[in-house]
Amino acid sequence: MSNILNMTLAQIARLIDGKVEGDPGMVISGISGIKEAKKGDITFLANARYCSLLKTTKASAIIIDKKADKNGRPVIRTDNPYIGFVKIMEYLQINKEMPLPGIHKTAVIGKNTKLGKNITIEAHVVLGNDVQIGDNTLIHANVSVRERVIIGSNVIIHNGAVIGSDGFGFTPIKGVFHKKVPQLGTVVVEDDVEIGANVTIDRATTGRTRIGKGTKIDNLVQIAHNVEIGEHCVIVAQVGISGSTTLGNKVTIAGQVGLAGHIKIGDNTIITAKSAATKDIGPNMCVSGYPAIPLKEEQKIKAYRHRLPEMHKTIQELSRKIRALEKKLG
Amino acid sequence: MSNILNMTLAQIARLIDGKVEGDPGMVISGISGIKEAKKGDITFLANARYCSLLKTTKASAIIIDKKADKNGRPVIRTDNPYIGFVKIMEYLQINKEMPLPGIHKTAVIGKNTKLGKNITIEAHVVLGNDVQIGDNTLIHANVSVRERVIIGSNVIIHNGAVIGSDGFGFTPIKGVFHKKVPQLGTVVVEDDVEIGANVTIDRATTGRTRIGKGTKIDNLVQIAHNVEIGEHCVIVAQVGISGSTTLGNKVTIAGQVGLAGHIKIGDNTIITAKSAATKDIGPNMCVSGYPAIPLKEEQKIKAYRHRLPEMHKTIQELSRKIRALEKKLG
Amino acid sequence: MSNILNMTLAQIARLIDGKVEGDPGMVISGISGIKEAKKGDITFLANARYCSLLKTTKASAIIIDKKADKNGRPVIRTDNPYIGFVKIMEYLQINKEMPLPGIHKTAVIGKNTKLGKNITIEAHVVLGNDVQIGDNTLIHANVSVRERVIIGSNVIIHNGAVIGSDGFGFTPIKGVFHKKVPQLGTVVVEDDVEIGANVTIDRATTGRTRIGKGTKIDNLVQIAHNVEIGEHCVIVAQVGISGSTTLGNKVTIAGQVGLAGHIKIGDNTIITAKSAATKDIGPNMCVSGYPAIPLKEEQKIKAYRHRLPEMHKTIQELSRKIRALEKKLG
């Protein structure tokens, strides 16, 4: 297991900049979530909603914030227990599990490819000709990166992802229903991007499809040709973004959303799961539904939708009453 | 072709525990569905709805149940014609088409990997370090299994699937919008599971993502970190299950459904296609829609939704009539 | 970059069968879309909607139709500027970028495989036994083609696609909840088909799953066993088509649509994005929604859906007024 710590509470407190209350020499064997923790583990309480678990968790110590009641348990107090947890996870990852940099012997690297320092390219990765990859980037097994794609530094690409496949472009030409429009552009993936497993990102027709710095893309997302995604966006699993659509910075697109082509989504906007945006959406919005409208409106409409049978019944009753009134009045 | 039988009706009847009515020495060349069957084939009639095809099928013999009218055709009678068909298909598969056990020379196997007996690992499969695989498991070409993943016996994983990619976890830390939370857990795939092509199953943050014994997962399904799927579930294509959600046993999730994170779906529950469950759903339910509600309610609401234009018109008429009545009454 | 032309306007005009207005000796360095074009580029104006860009584009020359106002800019006039653009793109692709035919040394080719002339099979492709592939077909890296699949001529298959994985078929047999039904059929991909990245196409139970001539399939599409897709269809990203469903010719299925199993979609029919068809749909229709109904009806219903809160309010007002009238009338 990779969550083995074997550190004392005092050592852990030093790592996360916290303060022990309890026996600083207690040896902690591993780290776990509060529900699955077992004896010997350290865990964390980040959400006050779960504070009742503090009494029942089998963990031997808990990372808590500066105000929380420790219930007599050994604890490490720190400003932000979740960040404390992340720091321990990072320590474990760096020391136990990060793949060593290097290019696996089964990887296939095209001609004129420029590779940065300290990169990791796992088994059966295929990089096309003229690809560029920045420093410290990690490409997991079975990824395909097509010709001329440019990938920045500190990027992580998960298994099976395809970067730079042809955009989906066809046009009728004399008797050919769907003549292929050559896709001669490329894809630019900026620094600090993470791309999930089996994601597909198409190359531009001309120019580039762009994934902005720090953006995180979950598994099985489809990004069509000439899409521009800004910086620090979050694109959750199974989203589909149609051609030439642009996202600003810090946009969040929840799972299974579809975006029409040639539209703009403004900075900081959130689109809730399974929605479909069919036209431009401004910045700082939270939208939902198909077509996507402000979340509060959509929630109201959804609520009334559930009252449709009742509304229909009321309408029938009103009709009856009106007929009765009309009769009375002749 | 792999559906070539070249067996007599008598031999086939023995194989499926049935009884010939017709010439037991008739040689059957192949097996097919009732619509596509050609002369020389055997087919089956499992659904009374299709009994008219019994007269028109080009098949030379038909597997039927004990009560069906054979229409003067050569038949094999058996308790369950569909199971008879499956038995013949299994016989053909075992004798003609099952890949021979072995590890293809292009497969890349990590360190400290424990492989069971009689396993088949096809070309370009990549298994990470410390992976465990049980007996008789079949992993098709181009699959990625990441470090420390545990796979049971009699499991089938189709091409391009990714088991154990990082969960999608990020948190803001001082100036970094989306700091990666290391994903140090793993995935446990229990015995008798089948996983479709290009499926993605993420590893847990800590602990495990679990696919219970006998569960079948169709193509392009996304399963996020720390999801727990019970035994004998059926997850149809393109479903997305968000983090930490748990499914009981024998749950059926139809195609393109989305499940929110941190919810529970009870045993035997069915969620119909394209629905979205946003909160816990009890056992033995059949739910539909977004948010998913009992199917009958959703069907009723869908029906009234289609009557919205008519309802709107009625409301306008009632308004007019009321105005008229109000006028009359001064 | 692959969009480098270095041709004179006169040479380009000859290539696209157009007529120069301006200096025929002007050297054009590259080709781009009208928005991203820079000095030295040629671009095109295909849509009158964008004619204002003709004044502002940085391109040095523009391909326009025979009637458009050239605004004093150097132009090439041609009947169809978009086709002119496509012709230049094809010229560039053929001369600069098409992978050379050949089979990469890391590709794994099964036994009894029949390969046509002039085919390209990239790195880490896996072809099963008894596969057939026609002339000029291009299979990109990391594709899996399973045993006995038949692929026509001039087909393009993008990275990570899986052709011929097992159909998703299970049946309960004495105590086994989901006994696998062997999938012994195959997949037939006809000439001129294009299949996107990470697409999955399942083999038939018996018989074949068919992708008709000239059909184009976008990324991450799921096609289940025994589906029949006609000729010249367009299937956009993330569509899911359930088992045994058939599509006529020239059908368009927009992104994220789901089709139920065992239904028929008629020739030339269009299904709009994110819809779900649950029963047969005739030819020459444009349908939308879930269940899919004629687009105009669905649009009307969607519009009224947004007026639900207002309708509910009106109903309450009418109820109040009727109560008042009833009171008045005793």
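Criteria and cut-off values
- Residues numbered from 1 in each chain as written.
- Chains lettered and ligands numbered in written order.
- Predicted model: local features only at pLDDT ≥ 70, side-chain atom pairs only at ≥ 80, totals over all residues.
- Heavy atoms only, no water.
- Phe/Tyr/Trp six-rings, centres within 6.5 Å; stacked < 30°, edge-to-face > 60°.
- Helix = DSSP H or I, 4+ residues; strand = E, 2+ residues; numbered from the N terminus.
- Buried < 20%, exposed > 50% of the residue type's maximum accessible area, 1.4 Å probe, protein only.
- Lys NZ or Arg CZ within 6 Å of the ring centre and 35° of its normal.
- Least-squares fit on C-alpha atoms with pLDDT ≥ 70 in both.
- Polar contact = N/O pair within 3.5 Å; in protein donor to acceptor, adjacent residues only side chain to side chain.
- Contact = heavy atoms within 4.5 Å.
- Arc of directions from axis to C-beta.
- Pairing = 2+ DSSP bridges.
- Domains from an automatic or database assignment.
- Buried area = accessible area lost by both parts, 1.4 Å probe.
- Salt bridge = Lys/Arg side-chain N within 4 Å of Asp/Glu carboxyl O.
- Nonpolar A, V, L, I, M, F, W, Y, C, P; charged D, E, K, R; others polar.

Comments concerning the packing of aromatic side chains
Thought 1: Going through the model one piece at a time under the given rule, you end up with twelve aromatic pairs over all chains.
Thought 2: Between F44 of chain B and F85 of chain B the ring centres are 4.2 Å apart and the planes differ by 25°, which places this aromatic pair in the stacked class. Of this pair, F44 of chain B sits in strand β4 (residues 41-44) while F85 of chain B sits in helix α3 (residues 81-97), placing them 41 residues apart in sequence. With respect to class, F44 of chain B is no different from F85 of chain B; both count as buried.
Thought 3: The ring of Y290 of chain B carries K302 of chain A above its face, with NZ or CZ at 4.2 Å from the centroid.

Brief notes about the relation of the copies chain B and chain A
Thought 1: Mapping chain B onto chain A leaves a residual RMSD of 0.1 Å; the transformation is a rotation of 120° accompanied by 0.0 Å of translation along its axis. Within this description, the copies of the chain are treated as partners about a three-fold rotation axis.

Description of the side chain of N142 of chain A
Thought 1: Examined against the element boundaries, N142 of chain A turns out to sit in the loop between β13 (138-139) and β14 (144-145).
Thought 2: Its relative accessible area of 4% is what places N142 of chain A among the buried residues.
Thought 3: Polar contacts involving the side chain of N142 of chain A include one to the main-chain carbonyl oxygen of N142 of chain B, which spans 3.4 Å.
Thought 4: Setting aside residues no more than four positions away along its own chain, N142 of chain A makes contact with A123, H124, V125, G160 and A161 of chain A, H124, V126, N142, V143 and S144 of chain B together with N142 of chain C.

What about helix α1 (residues 9-16) of chain A?
All names here are of chain A.
Thought 1: Buried within α1 are the following residues: L9, I12, A13 and I16. In an axial view of α1, the angular spread of the buried residues amounts to 100°, which keeps them on one side of the axis.
Thought 2: One or two positions beyond α1, positive phi appears at D17, with a value near 60°.

What about the sheet that holds strand β15 (residues 150-151) of chain A?
All names here are of chain A.
Thought 1: In spatial order, the strands read β9-β12-β15-β20-β23-β26-β29-β32; together these eight strands make up an open sheet with parallel pairing. Among the strands making up the open sheet, the edge pair consists of β9 (114-115) and β32 (264-265).
Thought 2: As paired elements, strand β29 (residues 246-247) and β32 share two bridges and run parallel to each other. When the bridges of β32 are listed, T246 appears paired with K264.

Quick word on the sheet that holds strand β35 (residues 286-288) of chain B
Residues and elements named next belong to chain B.
Thought 1: Spatially, β7-β10-β13-β16-β21-β24-β27-β30-β33-β35-β36 is the arrangement adopted by the eleven strands of the open sheet, whose pairing is mixed. Single-partner strands in this sheet number two, and they are β7 (102-103) and β36 (293-294).
Thought 2: In terms of strand pairing, strand β24 (residues 216-217) meets strand β27 (residues 234-235) through two bridges, oriented parallel. Each residue of the ladder has a partner; that of I217, found in β27, is I235.

Re the domain arrangement of chain A
Residue and element names in this part refer to chain A.
Thought 1: Each assigned domain of chain A is listed here: domain 1 (4-97), domain 2 (102-296) and domain 3 (298-329).
Thought 2: On a C-alpha basis, the centroid separation for the pair domain 2 and domain 3 is 49 Å.
Thought 3: Between domain 2 and domain 3, the residue contacts involve six residues of the former and four residues of the latter.
Thought 4: Regarding the contact of domain 2 and domain 3, the summed buried area is about 410 Å², with carbon and sulfur atoms giving 50% of it.
Thought 5: Looking only at domain 2, the three residues that lose the most surface to domain 3 are I293, L295 and K296, adding up to 75% of its buried area.
Thought 6: Taken together, the connections running from domain 2 to domain 3 amount to zero salt bridges.
Thought 7: At the surface where domain 2 touches domain 3, the tally comes to six residue pairs in polar contact (both at pLDDT 80 or more).
Thought 8: Elements with a minimum of two residues in the side of domain 2 that touches domain 3: β36 (293-294) and α4 (295-306).
Thought 9: Classifying every residue of the side of domain 2 that touches domain 3 by side-chain character gives three nonpolar, two polar and one charged.

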